[in-house]
Each structure stands twice: as C-alpha cells, then as structure tokens.
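# Analysis of the macromolecular model
Read off the chains here:
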Amino acid sequence: MGRIVGVGLGPGDPQLVTVRAQRWLTQARQVAYFRKRGRPGRARRIAQTWLAPQAVEHAMEYPVTTELPFDSPAYIDRLARFYDHWVERLEALAAQDDVVVLCEGDPFFYGSFMHLYERLRRRGRVPVEVVPGLPGMVGCWSVCGQPMAWGDDVLTVLMGTLPEDDLVRHMRQADALVVMKVGRYLGRVRRALARAGLLARAWLVQEGTMEGQQVQPLAVVDEQAPCPYFALVLVPGQGRRPEVEA
C-alpha cells in the first residue's frame, strides 16, 4: 500500500520549490495534477524541472471552470462527482505505489487538493500526506518589493469573486490586504478599492515569479484590461514601525 502525497510547488518559479518537494518529485513514479481541458496545467509546468523521466502522469481535467456560476447547484454537483471519481482512481493507484499530486502554492490554501484530501481522509483507506508550499501571495509581494504587514497590522485575504459590496465592506476593515482570483473580476476589484479609499496604495501583480511577470500600481491599470487568472492585488499595511532616519 502506497501513500497519496499532496506536494505544494510554490508560486510559480521552479527555484522556489522546497527541498522536500523536490525529493518527492524526483522519485515519483505516479504523478497526478489538475488542469483545464486543453491546457498543460500550471502545476505540471512548475514541476517539469524536477519530475523523473519514468513518472507516469495522470491529468485530472476539470469538467467545468467558468462555464457555470461557481455557486450554482449544477457546478457544485459536477465538481463533487469529479472529485469523487478521482479519489477512487488515486486510491487504486496507491494500492501499488506512492502517488504524488501536484499542487500550486500550498495544498491547504484555497487549493483543489483540499477536496481530495477531505474525501480521502474520511474514507480512511489510504494514508494521505501533505508537503507544504510557498503560497502565491508570498512570491507576489516579494517581486512587488512591498513589505506587507507591519507591527499590529491584520492581513486580510479576499477573493475577487465576492460581490462588490462585500469586497468594499471587508476592504474598509483591512490593514493589509491581498485579493486573489482577480482575473476577469479586475474591474470589480478596482472599483471596490476605489470605494474603500485604498486604490492609491494597491498593486497588481500578474504571473508573479513566473516568466511574463508584470507589476504595476493598480491605479494606472484600465479596469477593462485583460487580466490572467494568476493575478493578485496587494495593499501593503501602514502599521506600527520604528522611525526611519532620513
């Protein structure tokens, strides 16, 4: 009996993959990863540097992404059946060998692996492990060159998929702020920040730590501009800190 191991790969740069994750990748004989149909998969691209040539790959293609509202019963049902199917597939593979599941960022931070993990743990048929990874927001604020949380600042993490009024309510209470899943919701996020009085402090990081990375003050970005899924908005905190001499 093997194990199923969710391996966090960090924000995108293969050099930010941890030593522990590298060990799993180089020895893996069974590798599974999520991807959108017709795409290579971001996690698979990150792992390319480290994957062993003998690894057998299993692409877990989402049955739906943006075709249905993410909170609709049809979307929830299709995703549930997708995860149930892959839990059974992974358990069958683990009967013979360890199975490594590639995860962007950290497996326990807004990742798809969590849906597999909870099902696997509930069934209790196969040991499940997790290898932590550097969350994408950490890589993004590093390339942005902006210290994020000072002194007593409270860091708030929001999803750009939230309704605009909800975004504004949370933003007004935030000291330091990260907005994930910006993508096609860029206009909504920009408007919400303007209403909350935070637009002047906001930065847009697209494809952070990866090839094609872009870092811009959000105020200069047109809300109609195309924006990739892998984009974050950062609002650095302004909390307590020692005075810096001029």
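Only a predicted model underlies this, so the values are computations on that prediction, with no experimental measurement involved. (Residues numbered from 1 in each chain as written. Predicted model: local features only at pLDDT ≥ 70, side-chain atom pairs only at ≥ 80, totals over all residues. Heavy atoms only, no water.)

### Notes on the environment of Pro228
Mapped onto the elements of the fold, Pro228 is located in the loop between strand E9 (214-217) and strand E10 (231-235). Given the relative accessible area of 24%, Pro228 is considered partly exposed. Along the primary structure Pro228 and Asp175 are separated by 53 residues, whereas in three dimensions their C-alpha atoms are 26 Å apart. Among residues more than four places away in sequence, those in contact with Pro228 are Gly183, Gln206 and Glu207. (Helix = DSSP H or I, 4+ residues; strand = E, 2+ residues; numbered from the N terminus. Buried < 20%, exposed > 50% of the residue type's maximum accessible area, 1.4 Å probe, protein only. Contact = heavy atoms within 4.5 Å.)

### A look at the pairing of strand E8 (residues 203-206)
Pairing analysis gives 4 bridges linking E8 to E9, with the strands arranged antiparallel. The residue bridging Leu204 from the neighbouring strand is Gln216, located in E9. Pairing geometry for E8 and E10, over 4 bridges, is antiparallel. Residue Trp203 lies in a different strand from E10, and its bridge partner there is Leu234. (Pairing = 2+ DSSP bridges.)

### Some details on unusual backbone geometry
Even without being a glycine, Tyr110 presents a positive backbone phi close to 55 degrees. Tracing the backbone through its elements, the reader meets Tyr110 in the loop between strand E4 (99-103) and helix H4 (113-123). Positive phi, close to 55 degrees, is recorded for Glu207, a residue that is not glycine. You can call Glu207 buried: its relative accessible area is 16%.

### Some words on the side chain of Arg44
Among the structural elements, Arg44 can be located in helix H2 (residues 42-47). Discounting residues that sit within four places of it in the chain, Arg44 has contacts with Tyr33, Leu51, Glu57 and Leu102.

### Some points on the domain arrangement of the chain
When cut into domains, the chain gives domain 1 (4-134) and domain 2 (137-235). A separation of 26 Å is found between the C-alpha centroids of domain 1 and domain 2. Tallying the contact residues gives 11 residues for domain 1 and 13 residues for domain 2. Of the roughly 1000 Å² buried where domain 1 meets domain 2, counting both sides, 68% is carbon and sulfur surface. Along the contact surface separating domain 1 from domain 2 lie 1 salt bridge. Among the salt bridges present, the one from Arg42 reaches Glu207, with a minimum N-O distance of 3.0 Å. A per-class count over the side of domain 1 that touches domain 2 returns 6 nonpolar, 2 polar and 3 charged. (Domains from an automatic or database assignment. Buried area = accessible area lost by both parts, 1.4 Å probe. Salt bridge = Lys/Arg side-chain N within 4 Å of Asp/Glu carboxyl O. Nonpolar A, V, L, I, M, F, W, Y, C, P; charged D, E, K, R; others polar.)

### Let's talk about the environment of Val100
Along the chain, the position of Val100 falls in strand E4. Non-local contacts of Val100, meaning those with residues more than four positions away in its chain, are made with Val5, Val7, Trp24, Leu25, Ala28, Gln30, Val31 and Ala32.

### Regarding helix H1 (residues 19-27)
Taken residue by residue, H1 has Ala21, Gln22, Trp24 and Leu25 as its buried positions. In a view along the axis of H1, the buried residues occupy a sector of 165 degrees, so they form one face of it. Among the exposed residues of H1, those oriented more than 90 degrees off its buried face are Val19 and Arg23. Buried residues in H1 make contact with strand E1 (4-8), H2, E4 and strand E5 (128-131). (Arc of directions from axis to C-beta.)

### Description of the sheet that holds strand E3 (residues 56-61)
Taken in spatial order, the 5 strands line up as E3-E2-E4-E1-E5 in an open sheet, and their pairing is parallel. Unpaired on one side and paired on the other, E3 and E5 mark the two borders of the sheet. The mean angle between the axes of side-by-side strands here comes to 25 degrees, regardless of whether they run parallel or antiparallel. For E1 and E4, the ladder comprises 5 bridges, and the chain directions are parallel. (Axes fitted to C-alpha atoms, helices over the stretch in contact; angles between N-to-C directions.)

### Some words on the packing of aromatic side chains
Enumeration over the complete set of coordinates arrives at 9 aromatic pairs. Measuring from centroid to centroid gives 6.2 Å for Phe113 and Tyr117, while their planes differ by 45 degrees, and the two rings are tilted. Here Tyr117 and Phe113 lie together in helix H4, a separation of 4 residues that amounts to about one turn. Of the two residues, Phe113 and Tyr117, both sit in the buried class. Following the ring pairs from residue to residue traces out a cluster consisting of Phe34, Tyr62, Phe82 and Tyr83. (Phe/Tyr/Trp six-rings, centres within 6.5 Å; stacked < 30°, edge-to-face > 60°.)

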